[in-house]
Amino acid sequence: MTQQSNSTKSAKYAVITKKNSLTPKKDLSMEEISPTMPSIMFLKSLHFKKSSHSCQGEIQHAFYQDNPEDIQCPHCKSKNYYLHGFCYRNALLANHENTLRNVRIKVQRYRCKDCHKTYVMGCEKIGLLKYQHRNEQCNRLMLEDCVDGQTNKCIAKRYGVCESTVEHELHRTTQKLIEQQINYPLPRVLGIDEHKIHKGGKYAITLVDLAHHRVYDVIETKDKEALEKYLREKKGRMEVRVVCMDFCPMFRSV
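Residues numbered from 1 in each chain as written. Predicted model: local features only at pLDDT ≥ 70, side-chain atom pairs only at ≥ 80, totals over all residues. Heavy atoms only, no water.

A. Examining the side chain of Gln 132 more closely. Note that Gln 132 resides in the loop between strand S7 (118-120) and helix H3 (136-147). Given the relative accessible area of 15%, Gln 132 is considered buried. (Helix = DSSP H or I, 4+ residues; strand = E, 2+ residues; numbered from the N terminus. Buried < 20%, exposed > 50% of the residue type's maximum accessible area, 1.4 Å probe, protein only.)

Okay, here's the thing in C-alpha cells:
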C-alpha cells in the first residue's frame, strides 16, 4: 500500500484501466505518449469524481481544472474575472492506451469584470477541441480502424456516431496528418503572387521556391489574416532572405 502511494506521487500521468480506479504509469513526456496528439485523462487537468450508468453505458464524471495563468477573457483579453457557475460537456475520450470512456466534464464558467461577458476556457489540454464531442486521440482511433479494414458502419456503431460523421472525421484527421508530415520549411528565396484558379472563380495565392524553380504551395484564399496565420505556422520563416512580389499593398504589409 505504501509502495503504491509513493508511485502515485511520482507519476505525472495516469489513465483509467479499471472501474473507479486510477492506475499510475511511468513518467512519460507528451512526445513519447503521442507525437501529434495530446494525451488525455492526466491528473493535472481532469479530476474524476464518480461513475454512473445510462442507456449509453457507463459514464465517468470529471471536473476540468483550468490553469489560472491561462484564464483571460476571449473578448477583451482581460484577466479580471470572477467565477460564474459551471457548464457541462459530454464527450467520448480515448487515452494513449486506446481506452474509450464516455465522460461528462464539468467546466468552470467565468464572467469578465471589464466587459461583463461570460466565457469558458477551452479543453485543448485533453485534446477536446471547441464544439467537438470526441478528442483527437479518439478520432485517431477511427482512422486506425479504417486502415484495419473495418467499414464505416462498424466504426460508427463502436463510437456511437453516424456514418457521415465517421467519413468527415476520417478526411479531417487524414488531412491534418498530411499537413504535419509535409510541413517543409519556407524557401530562402520566396516568390509570392496572386491569381485566379479559373475564370470567374476566387483568387488564390501561390508561393514559389525561386531558387529551385518549383511551386511551394497554393493558398486558396486572398485573405490577409489567413496568409499571416499560414506564414506564422510555417517552419523556417526566419531563414527567408529574399522575397519577390509585386506592389500589392497586402503582400507588402504581411
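B. Spatial organisation of the layout of surface pockets. When its volume is computed, the second largest pocket comes out at roughly 420 Å³. In terms of lining residues, the second largest pocket is bounded by 17 residues, among which Arg 89, Val 120, Met 121, Gly 122 and Lys 130 are the most central. For the lining of the second largest pocket, the secondary structure elements donating two or more residues are strand S5 (81-94) and S7. Top element by residues in the lining of the second largest pocket is S7. It accounts for 3 residues. (1 Å grid on protein atoms, 1.4 Å probe; cavity = no way out; pocket = protein on both sides within 12 Å on 5 of 7 lines; lining within 4 Å. Points joined across faces, edges and corners; volume = space filled by probe spheres on them.)

C. Looking closely at the sheet that holds strand S8 (residues 189-196). One open sheet holds the 4 strands; their spatial order is S10-S9-S8-S11, and the pairing between them is mixed. On the outer flanks of this sheet lie strand S10 (214-219) and strand S11 (242-244), each paired with one strand and no other. Direction aside, neighbouring strands of the sheet carry axes that sit 25 degrees apart on average. Along the sheet face, helix H6 (residues 224-233) touches S8, strand S9 (203-209) and S10 and points at about 130 degrees away from the line of S10. (Pairing = 2+ DSSP bridges. Axes fitted to C-alpha atoms, helices over the stretch in contact; angles between N-to-C directions. Contact = heavy atoms within 4.5 Å.)

D. Just the pattern of salt bridges, in detail. Enumeration according to the criterion identifies 6 salt bridges in this entry. For Asp 145, the salt bridge goes to Arg 158, with nearest N and O atoms at 2.7 Å. Placement of the pair is Asp 145 in helix H3 and Arg 158 in helix H4 (residues 152-159), with a sequence separation of 13 residues. Exposure remark for Asp 145: the relative accessible area of 7% places this residue in the buried category. A relative accessible area of 43% means that Arg 158 is categorised as partly exposed. Across the salt bridge formed by Arg 214 and Asp 209, the nearest N and O atoms sit 3.7 Å from each other. Members of the salt-bridge network, linked through shared partners, are Arg 134, Glu 136, Glu 169 and Arg 172. (Salt bridge = Lys/Arg side-chain N within 4 Å of Asp/Glu carboxyl O.)

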